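Below are the chains, spelled out letter by letter.
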Number of protein chains: 2
Amino acid sequence: MTSTLLTGIGELVTCDPEAGDGSPLGILREAVLVIENGRVAWAGAAATAPAADDRVDVAGRAVLPGFVDSHTHLVFAGDRAAEFAARMAGERYTGGGIATTVAATRAASDEELRRIAGSRAGEMRSWGTTTFEAKSGYGLSAVDEARILRISREFTDETTFLGAHAVPSEFAGDRAGYLDLVRGAMLDACAPLAKWVDVFCDEGAFDAEEARAVLRAGMGAGLVPRLHGNQLGFGPGAQLAVELDAASVDHCTYLTDTDVAALAGSDTVATLLPGADFGTRSPYPDARRLLDAGVTVALATDCNPGTSFVTSMPLMIALAVREMHMTPAEALHAATVGGAAALRRTDIGRLSRGMRADFVVLEAPSHVHLGYRPGARLIHEVWKGGARG
Amino acid sequence: MTSTLLTGIGELVTCDPEAGDGSPLGILREAVLVIENGRVAWAGAAATAPAADDRVDVAGRAVLPGFVDSHTHLVFAGDRAAEFAARMAGERYTGGGIATTVAATRAASDEELRRIAGSRAGEMRSWGTTTFEAKSGYGLSAVDEARILRISREFTDETTFLGAHAVPSEFAGDRAGYLDLVRGAMLDACAPLAKWVDVFCDEGAFDAEEARAVLRAGMGAGLVPRLHGNQLGFGPGAQLAVELDAASVDHCTYLTDTDVAALAGSDTVATLLPGADFGTRSPYPDARRLLDAGVTVALATDCNPGTSFVTSMPLMIALAVREMHMTPAEALHAATVGGAAALRRTDIGRLSRGMRADFVVLEAPSHVHLGYRPGARLIHEVWKGGARG
């Protein structure tokens with residue numbers, strides 16, 4: 001494999017706090033990047049850079065780690081545009097529409113789901129995402145959950161078993177029976193296809209006891225826990241996540257001081273999903289409070305048909321800046337390092353020696369443009385594993 | 001010139017209230033569109049459609065009028081990302097940064113400005129905009145204002161003379177002198193290159209008397225008035241616009257009941273610019289109040305480097321739905337019919353017989369997706385004057 005030298009970098013965002021300007025973004029100027037065997041071989045001064053076979057001049061553009069989108073529902077069929085319109089006209093989001101997507105997804109062929117997922121994954125990539133997580137949760141039967149995970153794995157290694165997304169209509173009178181299925185045959189079918197186990201622990205969804213049982217069962221099958229929590233109201237999600245050393249608790253709109261303190265004293269990431277707050281006209285989480293308490297914050301799209309039909313991490317960054325008062329630097333950090341932490345990955349999210357060469361060449365001289373130009377086509381090129389395209 | 005028949009239209013949004021479902025969007029189903037000589041020759045049932053040479057099947061996609069972006073500052077050089085970051089960290093927008101862009105724009109060559117404007121116009125088109133207005137206002141000398149308008153006219157017929165955007169630094173001690181220039185030699189140089197005259201009438205910008213004098217002078221030179229008003233506080237903008245029968249008053253964040261009543265009783269459009277409210281973390285205008293009062297509302301991007309560096313009308317629609325409580329239908333209407341009214345154009349903004357064949361084929365079955373999927377790449381194709389591309 002050949003090595004490549006990137007020159008003409010206007011701003012090299014390493015996200016390595018020991019590099020560059022000493023800030024969390026570790027910004028280097030007049031620096032070069034050398035890529036070898038799909039990894040970063042050098043990020044620093046040109047004078048001391050190793051030799052490389054090829055040379056690419058990025059003409060003053062900023063170079064940043066590829067975005068890590070740690071929360072997506074990649075595989076689903078159909079849409080819920082009508083539900084969206086009704087909600088915008090005043091109806092409240094309760095999660096009840098999940099059944100609509102379950103029906104559409106079950107009815108879709110493997111081919112159709114593969115086509116949809118591929119198109120969606122391509123959209124994510126075009127917005128600069130180089131790693132994303134993908135959840136099941138629109139199958140809600142052993143066969144359909146496993147099918148979703150199998151198709152998801154064609155696009156990402158970061159797959160999550162979310163059988164406990166909702167109780168499907170055929171179990172409407174037998175909640176306990178459904179939870180037995182989730183922890184039993186469904187988990188057996190899904191555990192070999194997943195890395196993570198997730199549960200929707202919130203008002204109207206699963207309570208602490210149910211969520212704990214599902215996550216424990218998943219952990220027993222070798223999966224690592226993460227969870228949806230504190231989206232619709234105050235609740236047990238955040239503390240349960242800490243209790244189980246979950247990688248992340250996602251949403252975090254309604255947090256008590258005790259929740260925040262628990263997160264700050266843990267390795268659990270608070271993943272904020274501003275697309276869902278946008279799409280449900282809900283309050284945004286208090287990112288400043290989390291950051292000030294020392295909690296690791298991630299940003300993700302929550303790409304799903306009910307609340308956040310978005311694939312763009314740059315738009316999440318712009319919303320985080322506008323609505324959650326994160327600085328552009330904090331938002332970018334959350335979209336890279338934060339996402340990597342939420343996936344417990346140490347090989348992505350930064351551009352320092354030895355890290356995977358997953359990065360974005362921005363159509364702008366600075367990462368600040370990600371907040372400054374909402375919705376703009378700012379992705380000049382995406383490189384993954386050292387390869388362009 | 002050949003004629004074309006569009007079939008397989010999932011939802012044909014004509015914006016002709018006499019067509020289709022009787023709503024303002026005039027939605028037709030199972031309808032076809034016939035294009036001839038760059039115009040709509042037929043929008044209705046397939047059975048009674050005239051014959052056409054070509055046939056294009058859009059496979060269930062929605063077809064809508066192209067967006068009309070009635071407020072852009074197309075031609076400017078440089079960026080103000082640092083000012084944006086400072087504002088997000090707490091500084092208030094006062095319009096003071098305009099000088100930064102004036103300096104960068106004056107320093108840029110014609111070639112450079114042409115390249116920038118072309119790239120920006122291409123971005124607008126890629127988001128489905130088929131007609132846009134372009135203002136001067138970053139030259140602020142007779143030569144530079146005329147230069148900006150000359151370059152703007154390479155991209156659009158809807159050009160606006162905005163010499164009264166700010167007082168340039170060389171006139172810092174001589175405000176009256178600058179206004180004499182705007183109404184004198186600058187207007188003489190610019191009037192032949194423009195259709196519209198505009199002024200920034202707001203707190204810290206120009207007052208009612210100054211604005212009236214500039215607009216009257218422009219009108220005397222054959223230009224039609226429009227103005228920036230009521231963005232930074234309550235003020236005379238809206239009523240001055242009505243007094244002069246301006247085509248539009250743009251921003252409209254701070255309106256009294258008297259302002260709203262005046263607009264409702266006039267032919268002046270209220271153009272809302274949610275990108276600027278997003279980019280300055282300002283309150284959004286009360287669109288519902290305007291719509292309920294019967295005011296014609298337009299949506300536009302306000303594309304400019306200080307407050308709203310955006311080119312996407314779909315994003316403006318999504319913001320209008322989320323933040324201004326417009327329905328997706330109202331937002332789309334404002335982005336098409338509303339924009340056309342703000343430019344006093346009767347040949348665009350609708351897809352009925354005789355109108356220009358400017359339209360968008362959406363990568364979705366319904367216009368609702370424009371609100372439902374913020375930031376998504378929903379533009380399958382853009383046709384302008386009956387030609388694809």
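The rules we used
Residues numbered from 1 in each chain as written. Chains lettered and ligands numbered in written order. Predicted model: local features only at pLDDT ≥ 70, side-chain atom pairs only at ≥ 80, totals over all residues. Heavy atoms only, no water. Helix = DSSP H or I, 4+ residues; strand = E, 2+ residues; numbered from the N terminus. Contact = heavy atoms within 4.5 Å. Polar contact = N/O pair within 3.5 Å; in protein donor to acceptor, adjacent residues only side chain to side chain. Least-squares fit on C-alpha atoms with pLDDT ≥ 70 in both. Axes fitted to C-alpha atoms, helices over the stretch in contact; angles between N-to-C directions. Parallel < 35°, antiparallel > 145°, perpendicular 65-115°, else oblique. Left-handed = near helix turned anticlockwise from the far one by under 90°. Nonpolar A, V, L, I, M, F, W, Y, C, P; charged D, E, K, R; others polar. Salt bridge = Lys/Arg side-chain N within 4 Å of Asp/Glu carboxyl O. Buried < 20%, exposed > 50% of the residue type's maximum accessible area, 1.4 Å probe, protein only. Pairing = 2+ DSSP bridges. Arc of directions from axis to C-beta. Domains from an automatic or database assignment. Buried area = accessible area lost by both parts, 1.4 Å probe.

### Quick look at the environment of B:Glu243
Residue and element names in this part refer to chain B. By the secondary structure assignment, Glu243 is in helix α7 (residues 237-243). Distance in space between the C-alpha atoms of Glu243 and Glu83 is 35 Å, their sequence separation being 160 residues. Those residues within four positions of Glu243 in sequence are excluded, and the remaining contacts are Arg212 and Arg216. Polar side-chain contacts of Glu243 include one of 2.8 Å to the side chain of Arg212.

### Describing the relation of the copies chain B and chain A
Superposition record for chain B on chain A: RMSD 0.0 Å, screw rotation 180°, translation along axis 0.0 Å. The two molecules are tied by a two-fold rotation axis, judged by turn and shift. Among all residues of chain B, the one whose C-alpha sits closest to the rotation axis is B:Gly375, at a distance of 2.8 Å.

### Regarding the packing of helix α5 (residues 175-190) of chain B against helix α6 (residues 208-220) of chain B
All names here are of chain B. It is the contact of α5 with α6, at a shortest axis distance of 10 Å, that shows an interaxial angle of 15°. For the element pair α5 / α6, the angle class is roughly parallel. Helix-helix and strand crossings are classified by hand; for α5 and α6 the assignment is right-handed. On α6, the residues that touch Arg175, Leu179, Val182, Arg183 and Leu187 of α5 are Glu210, Ala213, Val214, Ala217 and Gly218. Taken together, the residues of the contact of α5 with α6 break down into six nonpolar, one polar and three charged.

### Description of the pattern of salt bridges
A side chain of one charge can pair with a side chain of the opposite charge when the charged atoms of the two come close. Counted under the stated rule, the structure contains 56 salt bridges over all chains. We note a salt bridge from A:Arg87 to A:Glu83, for which the minimum N-O separation is 3.4 Å. Separated by four residues within a single helix, A:Arg87 and A:Glu83 lie in helix α1 (residues 81-88), roughly one turn from each other. Among the residues examined, A:Arg87 registers a relative accessible area of 5% and is labelled buried. In this structure, B:Glu170 engages B:Arg106 in a salt bridge whose closest nitrogen and oxygen atoms are separated by 2.8 Å. Within this pair, whereas B:Glu170 is found in the loop between β10 (158-164) and α5, its partner B:Arg106 is found in helix α2 (residues 98-107), the two being separated by 64 residues in sequence. A cluster of three or more residues bridged by salt bridges with shared partners is formed by A:Arg106, A:Asp110, A:Asp144, A:Arg147 and A:Glu170.

### Re the pairing of strand β5 (residues 39-45) of chain B
In terms of strand pairing, strand β4 (residues 31-36) of chain B meets β5(B) through six bridges, oriented antiparallel. Residue pairing for β5(B): B:Val34 is matched across the bridge by B:Trp42.

### Examining the sheet that holds strand β4 (residues 31-36) of chain A
Residues and elements named next belong to chain A. Read across the sheet, four strands follow the order β5-β4-β1-β6 without closing on themselves; strand pairing throughout is mixed. Looking at strand neighbours, the two that pair on one side only are β5 (39-45) and β6 (54-57), the edges of this open sheet. For this sheet, the mean angle separating the axes of adjacent strands, direction not counted, is 20°. In the sheet, strand β1 (residues 3-7) pairs with β6 via four bridges, with the strands oriented parallel.

### Points about the environment of B:Phe359
All names here are of chain B. Secondary-structure assignment places Phe359 in strand β17 (residues 359-362). Judged by relative accessible area, Phe359 falls into the buried class, the value being 0%. Put simply, Phe359 and Gly184 are 175 residues apart on the chain and 40 Å apart in space, counted from C-alpha to C-alpha. Once residues within four sequence positions are removed from consideration, Phe359 is found in contact with Leu6, Leu33, Ile35, Val63, Leu64, Pro65, Gly66, Thr130, Leu351, Glu381, Val382 and Trp383.

### Description of α1(A)
All buried positions along α1(A) are accounted for by A:Ala81, A:Phe84, A:Arg87 and A:Met88. Projected down its long axis, α1(A) carries its buried residues within an arc of 120°, all on one side. Elements that come into contact with the buried residues of α1(A) comprise α9 (274-279) of chain A together with α11 (313-324), α12 (328-342) and α13 (369-372) of chain B. Positive backbone phi, at 130°, marks A:Gly90, one or two positions downstream of α1(A).

### Digging into the domain arrangement of chain A
All names here are of chain A. Each domain of chain A was delimited in the assignment, giving domain 1 (3-66 + 350-388) and domain 2 (67-342). Residue-level contacts link 23 residues of domain 1 with 18 residues of domain 2. Across the domain 1/domain 2 interface, buried area totals approximately 1600 Å², and carbon plus sulfur atoms make up 73% of it. Contact with domain 2 buries area across many residues of domain 1, yet Gly66, Leu370 and Lys384 alone supply 29% of it, more than any other trio. Summed over the shared surface of domain 1 and domain 2, the result is zero salt bridges. Put simply, domain 1 and domain 2 have one residue pair in polar contact (both at pLDDT 80 or more) between them.

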